[in-house]
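Structural overview for review
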Amino acid sequence: MDVVISAASVEETIAHFTAVDQAGDKGAMTQLARRLGKEQPALLNYAAQVRAQHGDAWGEAAIFYATLVWAMFDHAFGKKLVRLLPANIVDAQKVIDEELAGLAEDLPVTERLSRSVNERQPHLVAKLVELMAEDVKEAAIEEPAARLVFPRAQVIVEAFDAAISQRRPGQTLNPIVREEPKVGRNDPCPCGSGKKYKKCHGA
């Protein structure tokens, strides 16, 4: 399966976000937030750590970028998208920290890029760079906040990319389909003992 999110898919996601924002549709934003909380609790917790440690303004920026990355993967993969587990995020953090550690500290925020993430998801990363540069230029995000939020956005890209490509699988969001019908408590035990399941292997 091709896991590279296309430029068209990225732009469609941004267009949807922009339309919802411009319409002031609080219902749609609330529904999106509920879905994110239900489907991606580890992701939401990861982004919310910024709010707990640095306050609302930085926290909102972290949650916005986390939501945007999730929405791009969700738009591209739909029901094939998986739930990130805490381990997915921890492992992705190690990858990004290691790659960014080799870069000069005085580089502009948007030039502190993970090489591997940029290679694997070029269209998504290019859009993140564009949006972050614009937010910093227009002072929508303070420079210190951007230096914290931008690497974390890359962590989320790495986590989803690794999960969807099965390098580090996440948890399926789809209901588990049984290959065989479920055995009822009062049905004969499948082991062939002749006892009811509840009195045998279901005890």
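Residues numbered from 1 in each chain as written. Predicted model: local features only at pLDDT ≥ 70, side-chain atom pairs only at ≥ 80, totals over all residues. Heavy atoms only, no water.

This part takes up the nonpolar core. As a rule of thumb, soluble globular proteins bury nonpolar side chains together. If you look at the biggest cluster of nonpolar residues, it comprises 52 residues, and the most contacted ones within it are Phe-73, Leu-124, Leu-128 and Phe-160. For this core, the secondary structure elements donating two or more residues are helix H1 (7-23), helix H2 (26-39), helix H3 (41-54), helix H4 (56-77), helix H5 (86-101), helix H7 (122-137) and helix H8 (143-164). Here this core takes 13 residues from H4, the largest share from any one element. (Core = buried A, V, L, I, M, F, W, Y, C linked by side-chain atoms within 4.5 Å. Buried < 20%, exposed > 50% of the residue type's maximum accessible area, 1.4 Å probe, protein only. Helix = DSSP H or I, 4+ residues; strand = E, 2+ residues; numbered from the N terminus.)

The subject of this paragraph is unusual backbone geometry. Both trends apply: most residues other than glycine have a negative phi, and most peptide bonds are in trans. Located in the positive-phi region is Ala-139, a residue other than glycine, with phi close to 60°. With respect to the helices, strands and loops of the structure, Ala-139 is situated in the loop between H7 and H8. The exposed category is assigned to Ala-139, whose relative accessible area is 61%. Despite not being glycine, Gln-166 has its phi angle at roughly 70°, a positive value.

In this section: the pattern of salt bridges. Side-chain pairs of opposite charge can arise where the charged atoms are in close proximity. Applying the stated criterion to the full structure yields 14 salt bridges. Glu-39 is the partner of Arg-35 in a salt bridge, and the nearest nitrogen-oxygen pair spans 2.9 Å. Of the two residues, Arg-35 and Glu-39 both sit in helix H2, 4 residues apart, roughly one turn of that helix. We classify Arg-35 as partly exposed; its relative accessible area is 30%. Ionic pairing is found between Glu-130 and Lys-127, a salt bridge with its closest N-O pair at 3.2 Å. Of this pair, Glu-130 and Lys-127 both sit in helix H7, 3 residues apart, roughly one helical turn. (Salt bridge = Lys/Arg side-chain N within 4 Å of Asp/Glu carboxyl O.)

What follows concerns the packing of aromatic side chains. Tallied over the full model, the rule gives 4 aromatic pairs. Relative to Phe-77, the ring of Phe-73 lies with its centre 6.1 Å away and its plane at 25°, an arrangement referred to as stacked. Highlighted residues: Phe-73 and Phe-77, both in helix H4, separated by 4 residues, approximately one helical turn. Here Arg-152 stacks its cationic end above the ring of Tyr-46, 4.0 Å away from the centre of that ring. (Phe/Tyr/Trp six-rings, centres within 6.5 Å; stacked < 30°, edge-to-face > 60°. Lys NZ or Arg CZ within 6 Å of the ring centre and 35° of its normal.)

Moving on: the environment of Leu-148. Mapped onto the elements of the fold, Leu-148 is located in helix H8. Separated by 94 residues in sequence, Leu-148 and His-54 place their C-alpha atoms 10.0 Å apart. In contact with Leu-148, other than residues within four places in its own chain, are Val-50, His-54 and Trp-58. (Contact = heavy atoms within 4.5 Å.)

Here we take up H3. Spanning 14 residues, H3 covers 20 Å between terminal C-alpha atoms, matching the ideal 20 Å at 1.5 Å per step. Of all bends in H3, the biggest is about 25°, found at Ala-47. Of all the residues in H3, the buried ones are Ala-42, Leu-43, Tyr-46, Ala-47 and Val-50. Looking at the packing, one finds that the buried side of H3 touches H2, H4, H5 and H8. The first or second residue beyond H3 is Gly-55, which carries a positive phi of 95°. (Expected span 1.5 Å × (residues − 1). Bend = angle between axes of the 7 residues up to and from the residue.)

Each pair of packed helices can be described by the angle between their axes along with the distance between the axes. With their axes 5 Å apart at the nearest point, H2 and H3 run at an angle of 110° to one another. Relative to H3, the element H2 is oriented roughly perpendicular. Along the contact surface, H2 presents Leu-36, Gly-37, Lys-38 and Glu-39, while H3 presents Pro-41, Leu-43 and Leu-44. Split by residue class, the contact of H2 with H3 holds 4 nonpolar, 1 polar and 2 charged. (Axes fitted to C-alpha atoms, helices over the stretch in contact; angles between N-to-C directions. Parallel < 35°, antiparallel > 145°, perpendicular 65-115°, else oblique. Nonpolar A, V, L, I, M, F, W, Y, C, P; charged D, E, K, R; others polar.)

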